[in-house]
Amino acid sequence: MAAVSLRLGDLVWGKLGRYPPWPGKIVNPPKDLKKPRGKKCFFVKFFGTEDHAWIKVEQLKPYHAHKEEMIKINKGKRFQQAVDAVEEFLRRAKGKDQDLTIPESSTVKGMMAGPMAAFKWQPTASEPVKDADPHFHHFLLSQTEKPAVCYQAITKKLKICEEETGSTSIQAADSTAVNGSITPTDKKIGFLGLGLMGSGIVSNLLKMGHTVTVWNRTAEKCDATEHAAVKCDLFIQEGARLGRTPAEVVSTCDITFACVSDPKAAKDLVLGPSGVLQGIRPGKCYVDMSTVDADTVTELAQVIVSRGGRFLEAPVSGNQQLSNDGMLVILAAGDRGLYEDCSSCFQAMGKTSFFLGEVGNAAKMMLIVNMVQGSFMATIAEGLTLAQVTGQSQQTLLDILNQGQLASIFLDQKCQNILQGNFKPDFYLKYIQKDLRLAIALGDAVNHPTPMAAAANEVYKRAKALDQSDNDMSAVYRAYIH
C-alpha cells in the first residue's frame with residue numbers, strides 16, 4: 001500500500017502481516033506500551049475484532065477512498081461484520097465529536113471488565129503517535145479463548161514480537177515469499193476432523209474468506225472434552241456449512257482436507273461407510289493432513305487416484321496454539337498442481353509450506369520431525385526430575401537453559417507446564433507416542449538405528465500406563481516421578 005497522509009482518529013484500511021486489509025481507526029497506544037522506533041507507524045484498533053497493532057504507514061489506506069475496492073476483494077462473514085461496525089460507528093459519530101471509541105465486541109468488554117481493566121486508552125492530542133521500529137512489529141490481542149489474560153503476559157508477548165525480524169507471510173517451497181493480502185480461492189473447500197489441530201485450521205480458513213463445509217468423524221465428541229455439535233455450531237455461525245458424511249462433503253466440494261488422529265482413522269475416513277472414496281469422482285481433490293506412515297498415505301493416494309481424484313498429503317508441524325494462530329508448518333507431497341491450488345488455504349493456516357516430491361515423503365519427514373520433538377520433550381522431563389532429586393532448583397535450571405543455545409518457545413512452554421503442573425493438551429501425549437512408534441518402524445524398514453527414539457518411546461508408554469494419554473506431551477514428566 002502506498003504511503004498516505006494520516007493523522008490520529010482517521011479511519012483506515014490496515015494490512016497486518018498475512019491478513020487481508022481490515023478496517024480500523026488510528027488511536028493512541030496504551031501508556032504502558034513501548035513505542036517502536038524507526039519507520040513511521042500508526043497504532044490501529046481494528047473493527048469487529050479484538051486486535052490492535054502497530055502498522056507501517058505504507059500498509060495503510062484511507063477508509064472512505066478505498067472502501068469499494070476493499071469490499072470487492074475481500075469476502076467472509078467476519079469481514080462484513082467489521083465493515084458494518086464501521087458504518088455503525090460513522091452513524092453514531094455523525095453530528096457528534098469524532099473522537100468516539102470503536103464499538104467493542106462482547107469478548108472485548110469481558111476482557112476489560114477483568115484483569116485487562118487497566119489496559120485501556122483514549123486518544124488525546126497530547127500523545128502523538130511516534131515513529132515505529134524499522135521491523136514490522138504487530139501486537140495481537142486475539143484472546144477469545146483466554147479472555148482473562150494478564151497484562152504481564154501481554155507485555156511479554158510484545159517483547160517477543162519486537163525481537164522477531166522475519167516476515168509473517170507464508171514462504172512457498174521455492175523460497176519465494178507470497179506477499180500481500182490473501183485472496184481466497186473460489187473453489188469450495190471441505191474439511192473433515194475438528195480436533196485440536198483441525199479446529200484452528202477451519203477457523204483461519206473462514207477468517208480468510210474461504211467457503212468451507214465441515215464434518216467431524218465422531219458424532220458425540222470432537223476430543224476428550226468438547227462436543228462436536230457445539231464446535232460445528234460455532235463454525236456455522238462464522239459462515240461454514242455442515243456436511244452429513246465425508247462422502248457428501250467430498251462430492252459437494254472441490255478440495256477436501258482431512259486431519260484425523262492416526263493411520264486407522266485416516267483409512268476408515270476414506271474407505272469406511274459413506275467415506276471419502278464414495279464421493280470421489282474425476283477432478284475431485286483430497287488433501288490428507290494427518291500424521292501417518294508412508295505406507296498408509298500411499299495406499300490412500302492409490303485408491304483416490306484410481307477413481308480419477310487428485311491427492312496431496314500435507315501433514316502439519318505445530319500444536320493447538322500455532323493452529324489457532326495460523327502459524328503451522330505444512331509439509332506437502334504428491335500432486336504438485338493440487339499443492340498450488342491449495343495456495344490460499346495454506347497461507348491461511350500456516351506460515352510456511354514445503355513441497356517434498358512424491359507421496360510418502362511428507363509422511364516420512366513429519367515422523368522424523370516429531371521423533372526429534374518427542375525425544376527432546378522426554379529429555380527435558382528427565383532433566384527436570386534429575387534436578388529435583390539432586391536438590392537443584394527446577395526453575396533455575398529453566399532459567400539457565402533459556403539463556404543458552406537450547407532456548408526456544410517450545411522449551412519454555414513445556415517446562416512451564418511441568419513447573420505449574422498444568423498439562424492441558426496442546427499436543428496430545430498419545431499422539432506423540434504414536435509418532436515415535438511410527439518413526440521407529442520407519443527406521444526398522446531401512447535398517448537404521450533409532451535408539452534415542454526407542455528410549456523416549458518407552459517413557460511415553462509408561463506415561464500412558466499412568467493415564468496421561470489425553471494430557472499434553474509434557475505430562476511425560478509424570479513417568480519419571482512415579
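Please read all numbers here as calculations on a predicted model, not as lab measurements.

A.B. asks: Residues and numbers for the sheet that holds strand β1 (residues 11-14), please.
C.D. replies: A sheet is described by the order of its strands in space; here five strands give the open sequence β4-β3-β2-β1-β5, paired in antiparallel fashion. Each of the sheet's edge strands pairs with one partner strand only, and the pair in question is β4 (52-56) and β5 (60-62). On average, adjacent strands in this sheet sit at an angle of 45 degrees to one another, irrespective of strand direction. In terms of strand pairing, β1 meets β5 through three bridges, oriented antiparallel. Directly across from V12, in β5, lies its bridge partner P62. On the sheet, helix α1 (residues 63-73) packs against β1, β2 (22-27) and β5 and is oriented at approximately 105 degrees with respect to β5. Sitting on the sheet, helix α2 (residues 77-93) is in contact with β1 and β2, with an inclination near 45 degrees to β2.

A.B. asks: A description of the packing of helix α15 (residues 394-402) against helix α16 (residues 409-420) should follow, citing residues and the corresponding values.
C.D. replies: For the pair α15 and α16, interaxial distance at closest approach is 11 Å and the crossing angle is 175 degrees. Here α15 lies roughly antiparallel to α16, going by the angle between them. Where α15 abuts α16, its residues Q394, Q395, L398, L401 and N402 lie against L411, D412, C415, Q416 and L419. Among the residues forming the contact of α15 with α16, the class breakdown is five nonpolar, four polar and one charged.

A.B. asks: Give a description of the pattern of salt bridges that names residues and reports values.
C.D. replies: Counting across every chain of the model gives 17 salt bridges. Where E87 meets K67, a salt bridge forms, and the shortest distance between an N and an O atom there is 3.1 Å. In this pair, E87 sits in helix α2 while K67 sits in helix α1, placing the two residues 20 residues apart along the sequence. Relative accessible area serves as the criterion here: at 26%, K67 is assigned to the partly exposed category. Close ionic contact of D472 with K414 constitutes a salt bridge, the shortest N to O distance being 2.9 Å. Highlighted residues: D472 in the loop between α18 (451-465) and α19 (477-480) and K414 in helix α16, separated in sequence by 58 residues. For the pair formed by D472 and K414, the shared burial category is buried. Residues joined in a network through salt bridges with shared partners are E88, R91 and R92.

A.B. asks: Pulling in residues and values, what's your account of the packing of aromatic side chains?
C.D. replies: The final tally for this structure, using the stated rule, is 12 aromatic pairs. With a centroid separation of 6.2 Å and an interplanar angle of 70 degrees, the aromatic rings of F257 and F346 are classed as edge-to-face. With F257 in strand β9 (residues 255-258) and F346 in helix α13 (residues 343-349), this pair connects stretches of sequence that are 89 residues apart. Here F257 matches F346 in class, with each residue buried. Residues Y339 and F346 carry aromatic rings whose centres are separated by 5.9 Å and whose planes lie at 45 degrees to one another, so their mutual orientation is tilted. Accessibility classification places Y339 together with F346 in one group, the buried group. One Lys or Arg, R336, reaches over the ring of F355 and ends 4.8 Å from the middle of that ring. Over the face of the ring belonging to Y428 we find K430, whose NZ or CZ atom lies 5.1 Å from the ring centre.

A.B. asks: Outline the pairing of strand β11 (residues 310-313), supporting the account with residue identities and numerical values.
C.D. replies: Bridge count for strand β10 (residues 285-288) against β11 is four bridges, and the pairing is parallel. The residue bridging D288 from the neighbouring strand is E313, located in β11. A crossover links β10 with its parallel partner β11, the connecting element being helix α10 (residues 294-306), and its sense is right-handed. The sheet contact formed by β11 and strand β13 (residues 328-334) spans two bridges and is antiparallel.

A.B. asks: Break down the packing of helix α17 (residues 429-445) against α18 for me, citing the residues and quoting the values.
C.D. replies: Describing two packed helices takes the angle between their axes plus the distance from one axis to the other. Contact pair α17 / α18: the axes reach a minimum separation of 9 Å and the direction vectors enclose 145 degrees. Viewed along their axes, α17 and α18 form a crossing whose handedness is left-handed. On the side of α17, the interface is formed by L429, I432, Q433, L436, R437 and I440, while α18 contributes A453, A454, A456, N457, Y460, K461, A463 and K464. Residue classes in the contact of α17 with α18 are distributed as nine nonpolar, two polar and three charged.

A.B. asks: Talk me through the nonpolar core; I want residue IDs and the actual numbers.
C.D. replies: Counting residues in each nonpolar core, the largest one holds 34 residues, and the members touching the most others are F257, M289 and F346. Residue assignment for this core shows that the elements contributing at least two residues are β6 (189-192), α5 (196-207), β7 (212-215), β9, β10, β13, α12 (336-341) and α13. In terms of residue count, the dominant contributor to this core is α5 (five residues). In contact with M289, not counting residues within four places along its chain, are F191, I201, F257, A258, C259, A314, P315, V316, F346 and M349.

A.B. asks: Could you give me a rundown of α10, with the residues and numbers involved?
C.D. replies: Here α10 contains 13 residues, and its C-alpha end-to-end distance of 18 Å stays within 8% of the 18 Å for a straight helix at 1.5 Å per residue. Among the residues of α10, A294, T296, V297, L300, A301 and I304 are the ones counted as buried. Buried residues along α10 cover an arc of 160 degrees about the axis, so they all sit on one side. Away from the buried face of α10 by more than 90 degrees, exposed residues D295, Q302 and S306 are located.

Cut-off values and rules
- Residues numbered from 1 in each chain as written.
- Predicted model: local features only at pLDDT ≥ 70, side-chain atom pairs only at ≥ 80, totals over all residues.
- Heavy atoms only, no water.
- Pairing = 2+ DSSP bridges.
- Helix = DSSP H or I, 4+ residues; strand = E, 2+ residues; numbered from the N terminus.
- Axes fitted to C-alpha atoms, helices over the stretch in contact; angles between N-to-C directions.
- Contact = heavy atoms within 4.5 Å.
- Parallel < 35°, antiparallel > 145°, perpendicular 65-115°, else oblique.
- Nonpolar A, V, L, I, M, F, W, Y, C, P; charged D, E, K, R; others polar.
- Salt bridge = Lys/Arg side-chain N within 4 Å of Asp/Glu carboxyl O.
- Buried < 20%, exposed > 50% of the residue type's maximum accessible area, 1.4 Å probe, protein only.
- Phe/Tyr/Trp six-rings, centres within 6.5 Å; stacked < 30°, edge-to-face > 60°.
- Lys NZ or Arg CZ within 6 Å of the ring centre and 35° of its normal.
- Right-handed = clockwise from strand over helix to strand, strands pointing away.
- Left-handed = near helix turned anticlockwise from the far one by under 90°.
- Core = buried A, V, L, I, M, F, W, Y, C linked by side-chain atoms within 4.5 Å.
- Expected span 1.5 Å × (residues − 1).
- Arc of directions from axis to C-beta.

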